[in-house]
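Overview (structure and organization)
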Amino acid sequence: MTDQTIDETSKKFPALTLKQDQIPLQSHRVTATNTEANDILSEKKLSNKELKELKKKEKAAKRAAAKATLDGEQSTQTDFKLNHKSNNNIKDKQTKTVTHIKKQLNDAKIHDPNLKTPTMFGHLETREERISSTPKIANIVHPSILSLTLKISTYKIVGSSARCIAMLRAFQEVIKSYKTPEGTSLQRHLTGHLSHQIEYLKTGRPLSISMGNAIRVLKQSISVIPINTSEDESKKILIEEIDKFILEKIEVADKVIVENASCHITNNSKILTFGYSSVLFQLFKYCSEKQDKKFELNVIDSKPLFEGKKLAKSLSEFSNIKLHYNLINSLSSVLEKSNMDFCFLGAHSMLSNGRLYSRVGTALVSMSVNNKSIPVLVCCESLKFSDKVQLDSVTLNELGDSDDLINTKPFNKTGFSLQQYMNELNEKLKLEKENDKKTSKQQQQQQQKKVEEEKRLNKTDDEYDLSNWKQYKNLNILNILYDLTPPEYIQKIITEFGALPPSSVPVILREYKNTN
């Protein structure tokens, strides 16, 4: 290779004339490429040493370029991850209670191993477990929901329809005081806000079927509100929808049911009912007050709520209703003494397979009445119909407080025979004192024995006191609130759609869904 050739090559490719320590690291300053090296080789062949140096320079330039690109991508990814993480933290704080509310409540529940629940009903949630999770969401709950939960948990409000109406009225107060946060819409955020209230409401008592159906309709009404509607107008629409729902599905439905069922009650009819139902109270009142019918009504009641007392007390004002109040343990004697014409029952829910889900004791009454060939009529609104299928009252039920079933106060009253014996004993003692003023030691001993015997007789009452029943390991007291009545014991169901057999429940469900 001559000096002239080298000069020409250096003019064309100045980067090749640099020394090894002067090679730049940036890729944009490297001008030599494989094609250029081939052009050089085509013009003049290089020596092996020069060829090796050329390849080393090319590799170094490629490494530098790759390293610079990699560093830029890593820094970009790091910034993106940090920004994404901070955004997620902000979103989590805003939506944590919306998306994970049920999980938070389940984690907060305290499962007390000392609670004495029978193994068969161990899967049911107790009142203590429900209440233990309330502090987690109590700070975001509306005061009207707090008040309603307390009333429901203490049985101040009892009955499926009454609880549903009270819940919807409380939701109206929640909607009135609701304000849509910035960056969200009422249609999306209000449903989550109501979910907080509903979850807290469940801690008092599980929701009834009617309450669940009403919540479903309310959320659907929220979702169909146009997005361009103002907040005040949207709240006004929802409050009117709630009023319309209560009027159509409960109040008007009850009036139609009462009119359809009143034809089964005539003058001098003998009717049997169990517990308390708002629609049955309206039925008996309508027949007595509006139609001026005279009939006999036997009210059967049971522990622990004694709801039948409320019905008997309310109807005692009407002179043309002859009332009889009995506990459920005297049901057989009541059926034997009087020939009943009809048995009217209320309902907590009607299941899709035609079974009646109602307060505990309803199944016993319906089976006993059916054994006497007395027709059983169930008055139930379509709002209480459920598409669930249940074959027993063990899978799904509600557990009440076991202490409600027992008499925790000592039994102080004495029976008639015992009281008669005590009176005779006192008379004998008086006669002995009058005849012998100075009692001997034997008489004193006899008197002492009699006193001990009296104490022993009085102590027998305390032996049946179960206030400390939890101390007995093998004793469990179960207080379930509902039972299931098979459809073969029910003649027909009276609804606002008419009187239908239990097998037609799916038809009513289809009609109810179509009306919504």
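See above for the structure.
Read on for a plain summary of the structure. (Residues numbered from 1 in each chain as written. Predicted model: local features only at pLDDT ≥ 70, side-chain atom pairs only at ≥ 80, totals over all residues. Heavy atoms only, no water.)

Packed helices, taken two at a time, are described by the angle between their axes plus the distance between the axes. Interhelical geometry of helix 10 (residues 231–261) versus helix 11 (residues 278–290) gives an angle of 50° and a closest axis separation of 9 Å. For the element pair helix 10 / helix 11, the angle class is oblique. Note that helix 10 runs across helix 11; the crossing there is right-handed. Facing Asp254, Ile257, Val258, Glu259 and Ala261 of helix 10, the residues of helix 11 in contact are Val279, Gln282, Leu283 and Tyr286. Here the contact of helix 10 with helix 11 is composed, by residue class, of six nonpolar, one polar and two charged. (Axes fitted to C-alpha atoms, helices over the stretch in contact; angles between N-to-C directions. Helix = DSSP H or I, 4+ residues; strand = E, 2+ residues; numbered from the N terminus. Parallel < 35°, antiparallel > 145°, perpendicular 65-115°, else oblique. Left-handed = near helix turned anticlockwise from the far one by under 90°. Contact = heavy atoms within 4.5 Å. Nonpolar A, V, L, I, M, F, W, Y, C, P; charged D, E, K, R; others polar.)

Under the definition given, this model contains six salt bridges. Among the salt bridges present, the one from Arg205 reaches Glu398, with a minimum N-O distance of 2.8 Å. Of the two residues, Arg205 sits in the loop between helix 8 (186–202) and helix 9 (209–223) while Glu398 sits in the loop between strand 7 (376–379) and helix 15 (416–435), which places them 193 residues apart along the sequence. The class of Arg205 is buried, set by a relative accessible area of 5%. Glu398 sits in the buried class, given a relative accessible area of 5%. In this structure, Glu381 and Lys384 form a salt bridge, with 3.3 Å as the shortest nitrogen-oxygen distance. Grouping residues by exposure puts Glu381 and Lys384 together as buried. (Salt bridge = Lys/Arg side-chain N within 4 Å of Asp/Glu carboxyl O. Buried < 20%, exposed > 50% of the residue type's maximum accessible area, 1.4 Å probe, protein only.)

Further remarks concern the side chain of Arg359. Note on placement: Arg359 falls in strand 6 (residues 356–359). For Arg359, the side chain forms a polar contact with the main-chain oxygen of Tyr276, separated by 2.6 Å. Those residues in contact with Arg359, other than ones at most four positions away along the chain, are Phe274, Gly275, Tyr276, Glu307, Leu481, Tyr482 and Asp483. (Polar contact = N/O pair within 3.5 Å; in protein donor to acceptor, adjacent residues only side chain to side chain.)

With that out of the way, let us pick up helix 8. With 17 residues, helix 8 extends 24 Å between its outermost C-alpha atoms, agreeing within 8% with the 24 Å of an ideal straight helix rising 1.5 Å per residue. Burial analysis of helix 8 places 12 of its 17 residues in the buried class, which makes it a mostly covered element. Of the residues making up helix 8, those classed as buried are Leu186, Gln187, Leu190, Gly192, His193, Leu194, His196, Gln197, Ile198, Glu199, Tyr200 and Leu201. (Expected span 1.5 Å × (residues − 1).)

Moving on to empty space enclosed by the protein. Evaluation of the coordinates by the stated rule reveals two cavities of 30 Å³ or more. Here the second largest cavity is characterised by a volume of approximately 30 Å³. Taken together, Arg127, Arg130, Ser153, Tyr155, Gly204, Arg205, Glu398 and Leu399 make up the full set of residues lining the second largest cavity. Partitioning the lining of the second largest cavity into residue classes produces two nonpolar, two polar and four charged. (1 Å grid on protein atoms, 1.4 Å probe; cavity = no way out; pocket = protein on both sides within 12 Å on 5 of 7 lines; lining within 4 Å. Points joined across faces, edges and corners; volume = space filled by probe spheres on them.)

Turning our attention to the nonpolar core. Taken as a class, soluble globular proteins show a tendency for nonpolar side chains to be buried jointly. Counting 34 residues, the largest nonpolar core has Leu148, Met167, Leu168 and Phe171 as its most contacted members. When contributions to this core are tallied by element, the ones reaching two or more residues are helix 6 (143–153), helix 7 (160–176), helix 8, helix 9 and helix 10. In this structure, Leu148 is in contact with Ile157, Ala166, Met167, Ala170 and Leu201, ignoring residues within four places of it in sequence. (Core = buried A, V, L, I, M, F, W, Y, C linked by side-chain atoms within 4.5 Å.)

Now for the packing of aromatic side chains. Tallying each qualifying case throughout the model produces five aromatic pairs. Measuring from ring centre to ring centre gives 6.2 Å for Phe284 and Phe295, while their planes differ by 45°; the resulting arrangement is tilted. A residue pair is termed long-range when its members are at least 10 positions apart, and Phe284 in helix 11 and Phe295 in strand 2 (residues 295–301) qualify at 11 residues. The two residues Phe284 and Phe295 agree in class, both being buried. Seen in terms of ring centroids, Phe342 and Phe344 are 6.3 Å apart; in terms of plane orientation they differ by 50°. Their pairing is tilted. There is no split in this pair, since Phe342 and Phe344 are both buried. Among the aromatic residues, those joined into a ring-pair cluster are Phe284, Phe295, Phe342 and Phe344. Above the plane of the ring of Tyr276 lies Lys310, whose end atom (NZ or CZ) is 4.6 Å from the centre. (Phe/Tyr/Trp six-rings, centres within 6.5 Å; stacked < 30°, edge-to-face > 60°. Lys NZ or Arg CZ within 6 Å of the ring centre and 35° of its normal.)

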